[in-house]
Amino acid sequence: AQSVTQLDSQVPVFEEAPVELRCNYSSSVSVYLFWYVQYPNQGLQLLLKYLSGSTLVKGINGFEAEFNKSQTSFHLRKPSVHISDTAEYFCAVSVPPAYNQGGKLIFGQGTELSVKP
Amino acid sequence: DGGITQSPKYLFRKEGQNVTLSCEQNLNHDAMYWYRQDPGQGLRLIYYSQIVNDFQKGDIAEGYSVSREKKESFPLTVTSAQKNPTAFYLCASSFNQQGPKNIQYFGAGTRLSVL
């Protein structure tokens, strides 16, 4: 079975500061990794994904994440945040089709990013 | 515009009542999913369907039921057996489970409350 742990439930930062949202996962097989963003009372929007290849993945809105297999981590980073980045961020994993789990996503508990002026 | 439409946006349930949440997609996706979101718990999978007329239980299926009679539609019924239904419900869909195209896209959600 797979599991995801987001190490911080809340991250407050000042505008234009850098930010890192941490995500660790557990799996006995290879995984696909995702970061989603959720603005208040809305659905989830895909920020970026890692399926294979380069371990540094760039996404929308200036976010990037790095897959570290040895540390089983997939931390999300942004060098300079804006007020509009205030939202909840979810890390998620799924396993490739060969493992026949129907493409299910396993989510972390979420991290609330609060950007202050 | 292609997308996933959930309705209603807000829903209230009385004790002992069954309610149905609608999810429609026009993305030609094969797979559809229902998640429940509670504060501080992330999203948990209720049911999923990889193909029409077939669906599987997720991690918290008790008290819920689904149907998949059409590719575009995957309604979720919250039955009276679900004793704590207050939550934000999210529907998602993806092309299929094969490789990189299995990216899930989400609707805007339905917030269910108990009267």
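Quick look at the structure, then. Per-chain numbering applies: the sequence of each chain, read as written, is numbered from 1 onward. Chain letters and ligand numbers both follow the written order, the letters beginning at A and the numbers at 1. Owing to the predicted nature of the model, reporting of local features is limited to residues with pLDDT of at least 70; listing and counting of side-chain atom pairs is limited to 80 or more, with chain, interface and lining totals taken over all residues. For side-chain calculations, the full set of non-hydrogen atoms in the structure is used, while hydrogens and water are omitted.

**A closer look at the pairing of strand 9 (residues 87-94) of chain B**
Residues and elements named next belong to chain B. Within strand 9, 8 of the 8 residues are buried, which leaves it mostly tucked inside the rest of the structure. Alternating residues of strand 9 divide into A87, Y89, C91 and S93 and F88, L90, A92 and S94, and every residue in both groups is buried. Pairing of strand 4 (residues 31-37) with strand 9, which is carried by 7 bridges, proceeds in the antiparallel orientation. Each bridged residue has a counterpart across the sheet, and for W34 the counterpart in strand 9 is C91. Inspection of the sheet shows strand 9 paired to strand 11 (residues 110-114) by 3 bridges, in the antiparallel sense. Residue pairing across strands places A87 opposite L112, the latter belonging to strand 11. Only protein chains enter the calculation, and the probe is 1.4 Å; a residue is then buried if its accessible area is under 20% of its type maximum, exposed if over 50%, and partly exposed in between. Segments assigned H or I by DSSP are reported as helices when at least four residues long, segments assigned E as strands when at least two residues long, and all are numbered from the N terminus. One bridge is not enough; two strands pair if DSSP finds at least two bridges between them.

**Remarks on the environment of A:V93**
All names here are of chain A. When you line up the elements, V93 lands in strand 10 (residues 87-94). V93 sits in the buried class, given a relative accessible area of 1%. In this structure the C-alpha to C-alpha distance between V93 and F107, which are 14 residues apart in sequence, comes to 6.7 Å. Note on contacts: a residue pair qualifies if any of its non-hydrogen atoms lie within 4.5 Å across the two residues. Every residue in contact with V93, bar those within four places of it in the chain, is listed here: Q2, V4, Y25, V31, Y32, L33, K104, L105 and I106.

**Structural notes on the nonpolar core**
Nonpolar cores were defined as sets of buried Ala, Val, Leu, Ile, Met, Phe, Trp, Tyr and Cys residues, with membership established by side-chain atoms within 4.5 Å. Ranked by size, the top nonpolar core spans 28 residues in total, and within it A:L33, A:W35, A:L47, A:L48, A:F74, A:L76 and A:Y89 carry the most contacts. The greatest single-element share of this core, amounting to 4 residues, is contributed by strand 10 of chain A. With sequence-adjacent residues up to four places away left out, A:L76 is seen in contact with A:V19, A:E20, A:L21, A:W35, A:L47, A:L48, A:F63, A:E64, A:A65 and A:Y89. Counting 21 residues, the second-largest nonpolar core is a separate cluster that includes A:F34, A:L44, B:Y33 and B:A92.

Just distances and angles here, no functional claims.
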